[in-house]
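Coordinate analysis (summary)
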Amino acid sequence: MAAKFNFNTIGLFTTDNTRMVAFYRDIMGFETDWNGEDPDVRMQLGNMWLILFPRTAFEQMTGREYSYPCGLNGTVELAFYVPTFSDVDEEYARVTALGAKSVFDALGATHLLYCRPRREPD
């Protein structure tokens, strides 16, 4: 069956847009023209888009209260493609050296999946 659509944007509801922009811009390489004040942040890296929006502003906009994870967020994973396992290791070393926090050590190469989880600031 042919795909009728695909993902092009991931939206994250944040508690600190400034920290999140710094992480995704300075460490992960996303570009943005965010002015540091507007609640809506749009970031791009190649054909990937991230939208960051403050949780409080989202609740005000929708007139509803939401519950959010506390501590390490186990509800979402963002996966980035790199060509080889050694590229995964190099990128992991680079982002952790720049301040990204590791969640756990690498999972071995099973079923062609190699995982080096890291934690974003929010």
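Residues numbered from 1 in each chain as written. Predicted model: local features only at pLDDT ≥ 70, side-chain atom pairs only at ≥ 80, totals over all residues. Heavy atoms only, no water.

What about helix H3 (residues 85-97)?
The following threshold applies: Working definition: helices are DSSP H or I runs of at least four residues, strands are E runs of at least two. Numbering for both runs from the N terminus. Residue count minus one, scaled by 1.5 Å, sets the expected span of a helix. The buried label applies to any residue whose accessible area, calculated with a 1.4 Å probe on protein chains only, is under 20% of its type's maximum; exposed applies above 50%, and partly exposed to all values in between. Directions from the helix axis toward the C-beta atoms define the arc.
Taking 1.5 Å per residue, 13 residues should reach 18 Å; H3 reaches 18 Å between its end C-alpha atoms and fits that length. By the burial criterion, the buried members of H3 are Val-88, Tyr-92 and Val-95. Seen from one end, H3 has its buried residues packed into an arc of 75 degrees, which puts them on one side. The outward face of H3, more than 90 degrees from its buried face, is lined by the exposed residues Glu-90 and Ala-97. Positive phi shows up at Gly-99, right after H3, with a value of about 120 degrees.

Topic: the sheet that holds strand S3 (residues 41-45)
Stated formally: Two strands qualify as a pair provided DSSP detects at least 2 bridges between them. Residues are treated as being in contact if the distance between any of their heavy atoms lies within 4.5 Å. Only the contacting stretch of a helix is used when fitting its axis, a line to C-alpha atoms as for every element, and angles between N-to-C directions run 0 to 180 degrees.
The strand order across the open sheet formed by 4 strands is S1-S4-S3-S2, and the pairing between neighbours is mixed. Two strands lie at the open edges of the sheet, namely strand S1 (9-14) and strand S2 (31-32), each paired on one side alone. Relative to S3, S2 runs antiparallel, the two sharing 2 bridges. Within the sheet, the bridge partner assigned to Glu-31 lies in S3 and is Gln-44. Packed on one face of the sheet, helix H1 (residues 17-27) meets S1, S2, S3 and strand S4 (48-54) and runs near 165 degrees to S4. Docked against the sheet, helix H2 (residues 55-62) engages S1 and S4, running at close to 75 degrees with respect to S4.

Description of H2
Residues Arg-55, Ala-57, Phe-58 and Glu-59 constitute the buried set of H2. The inward-facing, buried residues of H2 abut S1 and S4. Downstream of H2 by one or two residues, Gly-63 has phi in the positive range, about 70 degrees.

Some points on the packing of aromatic side chains
Our working definition: In this analysis, rings of Phe, Tyr and Trp, with Trp reduced to its six-membered ring, are considered paired at centre separations within 6.5 Å, and the interplanar angle assigns stacked below 30 degrees, edge-to-face beyond 60, and tilted for intermediate values.
In the structure shown here, the tally under the stated rule is 4 aromatic pairs. Seen from their ring centres, Tyr-24 and Phe-30 are 5.7 Å apart, and the 90 degrees between their planes marks the pair as edge-to-face. No difference in accessibility class separates Tyr-24 from Phe-30, as the two residues are buried. Plain terms: the ring middles of Phe-58 and Tyr-66 are 5.1 Å apart, the flat faces sit at 35 degrees to each other, and that makes the pair tilted. Among the residues examined, Tyr-66 registers a relative accessible area of 32% and is labelled partly exposed. An aromatic cluster of three or more residues is present, and its members are Phe-13, Phe-58 and Tyr-66.

Regarding the side chain of Asn-17
Note the threshold: What qualifies as a polar contact is a pair of N or O atoms within 3.5 Å, subject to a donor-acceptor requirement within protein and to the restriction that residues adjacent in sequence count only when both atoms come from side chains.
Summarising the element assignment, Asn-17 is placed in helix H1. A polar contact of 2.5 Å, which involves the side chain of Asn-17, links it to the side chain of Thr-14. Residues within four places of Asn-17 in sequence aside, it is in contact with Trp-34, Asp-38, Pro-39, Val-41, Leu-52, Phe-53 and Pro-54.

Things to note about the confidence of the model for the protein
Using the following cut-off: A residue's pLDDT is simply how confident the predictor is in it, with values from 0 to 100.
Taken as a whole, the protein shows an average pLDDT of 83; of its residues, 84% reach a score of 70 or greater. Scored below 50 in pLDDT, residues 109-114 shows 9 contacts in the model against residues more than four places distant or in partner chains.

Concerning the nonpolar core
For clarity, the cut-off: The term nonpolar core refers to a set of buried residues drawn from Ala, Val, Leu, Ile, Met, Phe, Trp, Tyr and Cys, joined through side-chain atoms within 4.5 Å.
Ranked by internal contacts, the top residues of the largest apolar core, which has 15 residues, are Tyr-24, Met-28, Met-43 and Leu-52. Sorting the residues of this core by element identifies H1, S3 and S4 as the ones contributing at least two each.

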